[in-house]
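Below are the chains, spelled out letter by letter.
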Amino acid sequence: MTRDPRRAIPGVDRLLADAAFAPLLASEARGRVVAALRAVQGEVRAGLAAGREPPEARDAAWYASAVAARLRAAARPSLRPVLNATGVVLHTNLGRAPLAGAAIEALVQVAGGYANLEYELEGGRRGSRYDHCVGLLRELTGAEDALVVNNNAAAVLLALNTVAEGREAVISRGELVEIGDSFRVAEIMAKSGARIVEVGATNRTHLADYAAALSQATGAILKVHRSNFRITGFVAEATLGELAALAAPRGIPVINDLGSGLLLGPPAAELPHEPTAAEALRAGADLVTMSGDKLLGGPQAGIIAGRSRWIAAMRRNPLARALRPDKLTLAALEATLSLHRDPETARREVPVLRMLGAGAEELAARAHAFAGRLRALGHEAEVVDGASAVGGGAYPGAELPAALVALGGARSAAELERRLRHGEPPVVARITEGRVVLDLRTIAPAEDAALLQAVTDALR
Ligand SMILES: *Cc1c(COP(=O)(O)O)cnc(C)c1O
């Protein structure tokens with residue numbers, strides 16, 4: 001009779017007594033090591049029962065390294081930094097805007113202790129968290145007042161709920177857009193309690209269409225920036241100025257959802273002009289809403305700027321309490337806004353603006369240096385022309401020239417891409433024309449060494 005192969009698995013006590021386990025037992029609690037070892041033994045047992053060959057090593061050293069790998073994996077946080085080699089600057093899945101140094105410092109300053117979040121140091125009494133970024137936002141947008149919430153979806157929700165709950169909100173059919181996989185203008189409008197009144201056609205909406213839709217029941221006109229797509233050809237839309245001229249005499253507020261939150265001019269010569277918050281307000285919008293972590297380059301936040309009477313009503317809205325930002329967000333946002341006071345400083349210090357503004361020559365030089373270092377280490381790498389994207393639903397269709405480092409080698413592109421993702425730190429890269437390519441636009445120069453290490457690990 002053959003021996004039950006499962007009996008070949010050494011027992012817990014015997015393994016733990018082996019010298020191979022000594023370092024683990026010295027650094028980890030015995031209970032954790034035992035639990036991990038039992039789990040490893042269970043996997044081996046299941047493999048044997050399923051008729052798979054026992055692992056090549058059945059000795060204590062093999063178990064010790066399997067247990068160590070298991071404990072390492074368990075200790076790894078779920079949310080981890082990654083290197084974004086995709087060239088998509090505002091990569092929503094990768095956390096959108098990396099913060100400026102000043103924003104990180106500000107955030108750290110308030111993170112570890114108490115802060116005057118809702119406390120007026122001047123008078124020694126209760127203050128409001130809503131006061132913190134207001135001065136800067138007024139200065140940078142020309143708005144009478146401003147309010148910061150958790151993200152732009154929250155900003156649109158709060159604005160509409162405050163001005164148009166139970167009333168009608170008029171919007172062009174061409175602007176009932178979907179942004180990302182979970183923000184649909186129509187759905188947010190419905191949740192705000194406003195009744196949607198669609199006007200015009202997908203490609204053309206005229207001022208007369210809006211005029212015909214206005215009534216005693218109108219609570220707002222909503223104009224949404226088509227952040228993530230463009231329509232061209234036989235198109236028409238009413239300008240913000242025209243809408244303001246139509247709505248103002250009737251006392252109807254015009255809300256302009258700008259999405260990307262650009263406070264300065266275009267961040268790169270290749271990018272077309274986008275309306276800034278200041279321009280939208282000057283053109284007649286009563287309220288503008290925007291994201292903090294798109295082209296503004298700050299933390300996830302939603303910014304509402306405009307008429308003080310509406311902003312005051314929003315502060316009093318109980319919904320604001322559910323959408324309010326925390327002290328870390330406010331600290332990072334305030335520092336980011338502060339950098340925007342001087343456009344040159346912002347373009348130099350705010351990573352999103354710096355990445356978008358990076359010149360083709362600078363990027364090509366970095367790519368050639370990087371490929372050269374890989375080749376010096378015996379790997380296949382060459383520089384090819386390509387394009388980076390703005391991402392984050394901003395500048396649809398716009399492409400920035402890029403110099404990509406294309407990786408070669410014996411492995412398939414899919415396998416190499418997977419190895420990069422599983423590395424430490426993980427590298428997220430694209431596959432173009434059958435090759436893994438790295439776009440250094442979204443890699444900070446300070447990350448070059450870490451990227452080189454991760455790429456050589458993956459190529460090994
Ligand atoms: C991105 C975007 C939103 C959603 O903003 P979040 O900050 O992601 O909530 C809403 N409207 C427009 C036009 C956008 O571009």
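As a reminder, the structure under discussion sits directly above these lines.
Values in this document were obtained by computation on a predicted structure and should not be read as measured data.

What counts, and at which threshold
- Residues numbered from 1 in each chain as written.
- Predicted model: local features only at pLDDT ≥ 70, side-chain atom pairs only at ≥ 80, totals over all residues.
- Heavy atoms only, no water.
- Pairing = 2+ DSSP bridges.
- Helix = DSSP H or I, 4+ residues; strand = E, 2+ residues; numbered from the N terminus.
- Axes fitted to C-alpha atoms, helices over the stretch in contact; angles between N-to-C directions.
- Contact = heavy atoms within 4.5 Å.
- Polar contact = N/O pair within 3.5 Å; in protein donor to acceptor, adjacent residues only side chain to side chain.
- Core = buried A, V, L, I, M, F, W, Y, C linked by side-chain atoms within 4.5 Å.
- Buried < 20%, exposed > 50% of the residue type's maximum accessible area, 1.4 Å probe, protein only.
- Salt bridge = Lys/Arg side-chain N within 4 Å of Asp/Glu carboxyl O.
- Phe/Tyr/Trp six-rings, centres within 6.5 Å; stacked < 30°, edge-to-face > 60°.
- Lys NZ or Arg CZ within 6 Å of the ring centre and 35° of its normal.
- Expected span 1.5 Å × (residues − 1).
- Arc of directions from axis to C-beta.

A. Spatial organisation of the sheet that holds strand β6 (residues 168-172). Taken together, the seven strands give an open sheet; going across it, the order is β5-β13-β12-β11-β10-β6-β9, and neighbouring strands pair in mixed fashion. Two strands in the sheet have a free side with no partner beyond their single neighbour: β5 (145-149) and β9 (195-199). Pairwise comparison of adjacent strand axes, ignoring direction, gives a mean angle of 25° for this sheet. Alignment of β6 against β9, held across five bridges, turns out to be parallel. Across the sheet, A169 pairs through a bridge with I196, a residue of β9. Across the sheet, helix α6 (residues 134-141) lies against β5, β12 (287-291) and β13 (302-306), angled at about 120° from β5, the strand it touches most. Docked against the sheet, helix α10 (residues 240-247) engages β10 (218-224) and β11 (254-259), running at close to 155° with respect to β11.

B. Main features of the environment of E382. Among the secondary structure elements, E382 is positioned in strand β14 (residues 381-391). Distance from E382 to P266, taken between C-alpha atoms, is 31 Å for residues 116 residues apart in sequence. The contacts of E382, once residues within four sequence positions are left out, are R375, L404, V405, A406 and R435. Only 2.6 Å separates the side chain of E382 from the side chain of R435, close enough to count as a polar contact.

C. Focus on the nonpolar core. In terms of nonpolar packing, the biggest core is built from 37 residues, with V170, Y210, I221, V288, L333 and L337 touching the most fellow members. The dominant element in this core, judged by the number of residues it contributes, is α10, at four residues. Beyond its immediate stretch of four places on either side in the chain, V170 contacts V197, V199, Y210, A213, L214, T218, A220, I221 and L222. Formed by 32 residues, the second largest nonpolar core is a distinct cluster that contains A159, V163, I179 and V224.

D. Fine view of the pattern of salt bridges. Scanning all chains against the criterion turns up 24 salt bridges. Across the pair D293 and R96 runs a salt bridge, and its minimum N-O distance is 3.0 Å. With D293 in the loop between β12 and β13 and R96 in the loop between β2 (88-90) and α5 (101-111), this residue pair connects regions lying 197 residues apart in the sequence. With relative accessibility at 7%, the residue D293 sits in the buried group. Between E118 and R126 there is a salt bridge, with its nearest N and O atoms 3.3 Å apart.

E. Just the sheet that holds strand β17 (residues 430-432), in detail. The sheet built from five strands is open, its strands ordered β2-β14-β15-β18-β17 with mixed pairing. Only two strands of the sheet have a single partner each, and these edge strands are β2 and β17. The average undirected angle you get between the axes of adjacent strands in this sheet is 45°. In this structure, strand β15 (residues 399-407) lies alongside strand β18 (residues 435-439), joined through three bridges in antiparallel fashion. Looking across to β18, one finds that L404 is bridged to D439. Strands in contact with helix α18 (residues 413-421) are β15, β17 and β18; relative to β18, the strand with the most contacts, it is inclined by about 40°.

F. Here's a closer look at unusual backbone geometry. Residue E424 is joined to P425 through a cis peptide bond whose omega torsion reads -5°. Mapped onto the fold, P425 is located in the loop between α18 and β16 (427-428). A positive phi angle is found at E433, which is not glycine, with a value near 45°. Positionally, E433 belongs in the loop between β17 and β18.

G. Molecular detail of the packing of aromatic side chains. Within the structure shown, the criterion is met by one aromatic pair. On the basis of an interplanar angle of 90° and a centroid distance of 4.8 Å, the ring pair of W62 and Y63 is categorised as edge-to-face. Across the ring face of W310, the terminal group of R309 is positioned such that the distance to the ring centre comes to 4.1 Å.

H. Main features of the environment of L147. With respect to the helices, strands and loops of the structure, L147 is situated in strand β5. For the pair L147 and M314, spaced 167 residues apart in sequence, the C-alpha separation works out to 8.1 Å. Beyond its immediate sequence surroundings of up to four residues, L147 is in contact with Y130, L158, G302, I303, I304, I311, M314 and R315.

I. Structural context of helix α17 (residues 360-376). Here α17 contains 17 residues, and its C-alpha end-to-end distance of 24 Å stays within 8% of the 24 Å for a straight helix at 1.5 Å per residue. By the burial criterion, the buried members of α17 are L363, R366, A367, F370, A371 and L374. Along the axis of α17, the buried positions cluster into a sector of 130°, meaning they face one direction only. Turned more than 90 degrees away from the buried face of α17, the exposed residues are E361 and A376. Elements that come into contact with the buried residues of α17 comprise β14, β15, β18 and α19 (448-459). Once α17 finishes, G378 follows within two positions and takes phi at roughly 90°, a positive value.

J. Layout of the pairing of β13. Most of β13 is tucked away, with five of its five residues classed as buried. Residues of β13 alternate between two faces, with G302, I304 and G306 on one and I303 and A305 on the opposite face, all of them buried. Relative to β13, β5 is paired through five bridges, and the arrangement is antiparallel. Considered in β13, the bridge of V149 is made with G302. Where β12 lies against β13, five bridges are found, and the strand directions are antiparallel. Counterpart to M290 in the pairing with β13 is I303.

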